[in-house]
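Coordinate analysis (summary)
As a plain string of letters, each chain reads:
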Amino acid sequence: MKITQSSLLKKDWFGLLIVVLLSGTFIAMLKPAFLSAFNLYVLMVSVSYMLIIALSQMIIIAIGQMNLSVGAIGGLVAISFSGVMEVYQISVPVAICIGLVIGTVCGFLNGYITVKSGISAFIITLATLYIFKGINLGITEAEPFYEIPETVKNFGNAKIGTSPIPYLIIIPVIITFLMWVFMNRTETGRHMLAYGNSVQSAELIGISSSKVVVTAHVISGFLAAIAGMLVVCRLQLGTPNIGDSWLLPSFAAPVIGGAILAGGKVDVIATALGVLIVAIISQALVIFKIDPFFVQIFLGVMILLAVFVNRYREYKQESSKKIFNND
Amino acid sequence: MNKKIPNFVFTNQFGLLCLVVTFILIFSTVTDGFTSRFNIFALSRVVAIDIMIGLAMMVVILTGGLNLALGAIGVCAAMFGGWCMETMGIPVIPSIFLILGMGSFLGWVNGMITVKTGVHSFIVTLATMSIYFGLMTMLTEAEAFRRLPETFTEFGSMKLFKKYISPLLLLSLATCGALFYLFKYTDIGRKLIAAGANPDAAELSGISVNTMFIYCHVLSGFLAAMAAIMLTTRIGAAIPSMAGQLGMDWLLPAFLAPVIGGTLLSGGKLSVFGTMLGAVLVTLITNGLYLIDVGEFWIRFFLGIILLIAVLLDKTREFFTLKSVIVS
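Because the structure is a prediction, the values reported are computed rather than measured.

Notes on the overall build of chain B
From N to C terminus, chain B includes 14 helices and zero strands. Along chain B, helices (α) and strands (β) appear in the sequence α-α-α-α-α-α-α-α-α-α-α-α-α-α when read from the amino end. On the principal axes, the C-alpha backbone points of chain B span a range of 60 × 55 × 35 Å. Within chain B, the fraction of its 328 residues that count as buried is 55%. Partitioning the contacts of chain B with sequence separation of at least 6, the portion at a separation of at least 24 is 77%. About 14100 Å² of surface is accessible on chain B, with carbon and sulfur atoms providing 68% of the total.

Brief notes about the overall build of chain A
Along the backbone of chain A there are 14 helices and zero strands. Element order for chain A, N to C, with α for helix and β for strand: α-α-α-α-α-α-α-α-α-α-α-α-α-α. Relative to the 2.2 N^0.38 estimate, which gives 20 Å for 327 residues, the radius of gyration of chain A is 20 Å and therefore close to what a compact globule would have. Taking all 327 residues of chain A together, 52% fall into the buried category. Long-range pairs, those at least 24 residues apart, make up 77% of the contacts in chain A between residues at least 6 apart in sequence. Positive and negative charge centroids in chain A, built from 19 and 14 side chains respectively, lie 13 Å apart.

Section: the nonpolar core
For soluble globular proteins, nonpolar side chains are generally found buried alongside one another. Counting residues in each nonpolar core, the largest one holds 219 residues, and the members touching the most others are F251 of chain A together with F122, I123, L126 and F183 of chain B. For this core, the element with the highest residue contribution is helix α3 (residues 37-62) of chain A, accounting for 16 residues.

Observations regarding a positive patch on the surface
Residues and elements named next belong to chain B. Side chains of R37, K159, K162 and K163 sit close together on the surface and give a patch of like positive charge. Examined against the element boundaries, R37 turns out to sit in helix α3 (residues 37-61). What makes R37 partly exposed here is its relative accessible area of 44%.

So, unusual backbone geometry
Residue and element names in this part refer to chain A. Even without glycine at this site, E141 takes up a positive phi of about 50°. On the accessibility criterion, E141 (48% relative accessible area) is partly exposed. The backbone of A142 sits at a positive phi, close to 65°, despite the residue not being glycine. By the element assignment, A142 lies in the loop between α6 (121-140) and α7 (150-157).

Thoughts on helix α8 (residues 167-185) of chain B
All names here are of chain B. For α8, with 19 residues, the first-to-last C-alpha span of 27 Å sits near the 27 Å given by 1.5 Å per residue. For α8, every residue scored as buried is listed here: P167, L168, L169, S172, T175, C176, L179, F180, L182 and F183. Next to the buried residues of α8 lie α3, α7 (150-157), α9 (187-197), α11 (209-235) and α13 (272-292).

Notes on the packing of aromatic side chains
In total, this model carries 13 aromatic pairs over all chains according to the counting rule given. Considering the side-chain rings of F301 of chain B and F302 of chain B, the 5.5 Å spacing of their centres and the 75° angle between planes classify their relative orientation as edge-to-face. Feature note: the residues F122 and F251 of chain A together with F122 and F255 of chain B constitute an aromatic cluster, connected by ring pairs. One residue, K159 of chain A, lies across the ring of Y41 of chain A, its end atom 4.5 Å from the ring centre.

Focus: the interface of chain B and chain A
Contact with chain B, which involves 37 residues of that partner, is made by 41 residues of chain A. Taken together, both faces of the contact between chain B and chain A bury some 3500 Å²; the carbon and sulfur share is 85%. Scanning the region where chain B abuts chain A turns up zero salt bridges. Across the chain B-chain A interface, the total number found is zero residue pairs in polar contact (both at pLDDT 80 or more). Elements supplying a minimum of two residues to the side of chain B that touches chain A: α5 (92-117), α6 (121-140), α12 (251-260) and α14 (299-321) of chain B. If one sorts the elements of the side of chain B that touches chain A by residue count, α6 of chain B sits on top with 13 residues. Residue classes in the side of chain B that touches chain A are distributed as 27 nonpolar, eight polar and two charged.

Structural notes on the pattern of salt bridges
Counted according to the given criterion, the structure contains three salt bridges over all chains. Notably, a salt bridge pairs K133 of chain A with D244 of chain A, separated by 2.9 Å at the nearest N-O pair. Of this pair, K133 of chain A sits in helix α6 while D244 of chain A sits in the loop between α11 (209-235) and α12 (247-256), placing them 111 residues apart in sequence. Where D187 of chain B meets K191 of chain B, a salt bridge forms, and the shortest distance between an N and an O atom there is 3.6 Å. Taken together, the residues span about one helical turn, with D187 of chain B and K191 of chain B both in helix α9 at a distance of four residues. The class for D187 of chain B is exposed, based on a relative accessible area of 56%. Classification of K191 of chain B as partly exposed rests on a relative accessible area of 29%.

Remarks on α3 of chain B
Because the α-helix completes a turn every 3.6 residues, residues three or four places apart line up on one side. If you check α3 of chain B, its first and last C-alpha atoms are 36 Å apart, about what 25 residues at 1.5 Å a residue would give, namely 36 Å. In terms of burial, α3 of chain B is largely enclosed, as 20 of its 25 residues are buried.

Basis of the calculations
- Residues numbered from 1 in each chain as written.
- Chains lettered and ligands numbered in written order.
- Predicted model: local features only at pLDDT ≥ 70, side-chain atom pairs only at ≥ 80, totals over all residues.
- Heavy atoms only, no water.
- Helix = DSSP H or I, 4+ residues; strand = E, 2+ residues; numbered from the N terminus.
- Buried < 20%, exposed > 50% of the residue type's maximum accessible area, 1.4 Å probe, protein only.
- Contact = heavy atoms within 4.5 Å.
- Areas by Shrake-Rupley, 256 points an atom, 1.4 Å probe, with all protein chains shown as cover.
- Rg over C-alpha atoms; globule rule 2.2 N^0.38 Å.
- Lys, Arg positive; Asp, Glu negative; His and termini not counted.
- Charge placed at Lys NZ, Arg CZ, Asp CG, Glu CD.
- Core = buried A, V, L, I, M, F, W, Y, C linked by side-chain atoms within 4.5 Å.
- Patch = residues over 30% accessible without salt bridge, like charges linked within 9 Å, V, L, I, M, F, W, Y side chains within 5 Å.
- Salt bridge = Lys/Arg side-chain N within 4 Å of Asp/Glu carboxyl O.
- Expected span 1.5 Å × (residues − 1).
- Phe/Tyr/Trp six-rings, centres within 6.5 Å; stacked < 30°, edge-to-face > 60°.
- Lys NZ or Arg CZ within 6 Å of the ring centre and 35° of its normal.
- Buried area = accessible area lost by both parts, 1.4 Å probe.
- Polar contact = N/O pair within 3.5 Å; in protein donor to acceptor, adjacent residues only side chain to side chain.
- Nonpolar A, V, L, I, M, F, W, Y, C, P; charged D, E, K, R; others polar.

See below:
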C-alpha cells in the first residue's frame, strides 16, 4: 500500500488540531481575556485531570468494552487518599501508594470478574460502580475530609515559576506520553488493539484474552486513581461526590478523538486533543457568560457531532478504497 | 407433556419467584413493620414505578442497545406535563396524552439518530441524555411545578384493597400484561424480537430492522413517560431533580430489573415477567435493608453486590440448562 500525500489528513488528530487552533484563535479574537494568564491556568487545570479520566476510559474502549466505574474508582480513591491522611495521619507518599493500590485492585476486580464470568464489562462495571460508590458513602457517610496536608494543597495550587502552567498538569502530560508509547510501541498495547478489533482472530494468533482484559482494566483503575487524587489536590478536600460527573466527559474525549466503541481503534493524541476541545469550548461558554446548563447540552451535541463526522470519514474511506482497488 | 413442569422449574422466573418468597419470609420474621399496611402500600407504589422503569429499559435492551437517556426522558416528560397542567391549564386527561407523546417523541429522536448513524445506542443516548436534561433545566430554569391539579395528584395517594395497594401497581401490572401480549402474540412484537435476535437474518426475511429498532426506542420513551407520570402523582409535583443528576438515579433500577429478570444484553431475548419479578425483588431487598437498618449509605453497596450475584447466578443457570426460550 502506498503512502499518499493525504495521509496526514487521514490521521484522527490532524483535523482535531485544526479545530483546536481555529477555535482558540476565534475565541481569542472575540475575547482577548481568553489568553490571559489566569484563564490559561484555569484551562490547564481542568485539562489536567480530564486527560487522565479520558485515558482511563480510552484503554477500555480500546479492547471494545466500557468502564462505567471510572468515576466510582476515582471517588473511592479520593476519599481513601484524603481519609488516611486526616484520620491516621499517614504521610503523603504512603497515602499516594494506598490510593494507587486501591485503584489498581478495583480495576483488577473489574477485569477479573469480566474475564471469569464472560459477562459484558458494561454490567460488571455497573455493579462495581454501585459497590465502590457504596463503600465510599458507607465510609464517609457523605461527609467530606477537610484536613488535607499543606504539601498536597500547595501542589494543587502551585504554578511553575511565573508561568501560568500549573504543577497539576505535569503528571497528566507524562502519563499521556507513556500511554502513547504503550499503545503504539509495546506488544501488550498492540495486543489490546488487536483484541478490540476481533476477539476471535486475536485468540487464534495466540493472544491471551484474559491477560489483555485484566491488564486493560488494571491500567484503567490505576489511571482513575491518579485522577481521583489530582482532583483532591485541586479541590483541597476529599468529598465523596468526586467522580460522580465523570461518565459523560470520559466518553466524550475518546469519541471526539475518533475512537470506535466496538474497539480496536483509539488514538492517544486525538483523545488528548478531544479533552482540549471540550475544555476550550467549556471555558469559552464561561467567558461569554452563557448559561452553565448549556455546557451540558453542548457536551452532548459535541459527542453527536463527533459521531457524525467519524461516520462520514469512514464512509469516505470505504468509497476511496473501492475506487483504488486495482492499484 | 410431563416435560412441562421441570421446564418451568429451570426457568429464571421460577428462581426469582423463590427468591422473592424467601426474602418476604425473611424480612417479615426479622423486622417489625414489614407487613404493616403502611409499608405494603409504600412498597406497592415504589415497585410500580420500578417495574415501569425496568420495562422501559427492557424494550431497548431487546435491540441489543441501551437507553441511558431513560431518566432524562422521564424528567423531561414530567416537567412538560407540569407545564401543560399548571401554566397552560390543560385538563388532566389531554395532558397525560401530551406527556406520553413527549416521551415517545424523545424516544423516537434516540431511535432515529441510532439507526441513521449506525452508532451504538450507548453513545447516542449518553449524548441525548445530556442534551435533553440540559434543555429541560434551561427551559424550566430548574423550577418545580408544585400546583398540579388535585385530580392528578390524588391518584398517587389513592389506596385500594383495604388500603393495602396503590392503583399505580395495577397500572404497572396491566402494562406488563399488555407487553407480554405484544411480544408473545402479535405480529409486530415477534418482529421486534426477531430484529433484535439477529438483525441480518431479520432483514433478509423482509423485516425492516431499522423501523423495528425505532419502534423499540419510541416504546421505551413512552414507558419512561408512564413511569414519570406515576412518580409525579406519587410526589405530587414535577421536580427537575426527581431522577437525580441527568436522570441517572433511574439507571440502577432500570438495569437491575431486566438483567436479573433474564433479558439478554446482546438482544433478542426478553422476559416481561422476569423484569417484573426483578423489580419486585430489588424493591423488596432495598426496603428490607432499610428496615433492618444497615444504614442508608450502605444500600448502594448491597444493590451492587446483588446485581453482581444475580448476573453470576444467571450465567451458571444458563450453563446448566443450555436452553433458549425466547419469551417465557
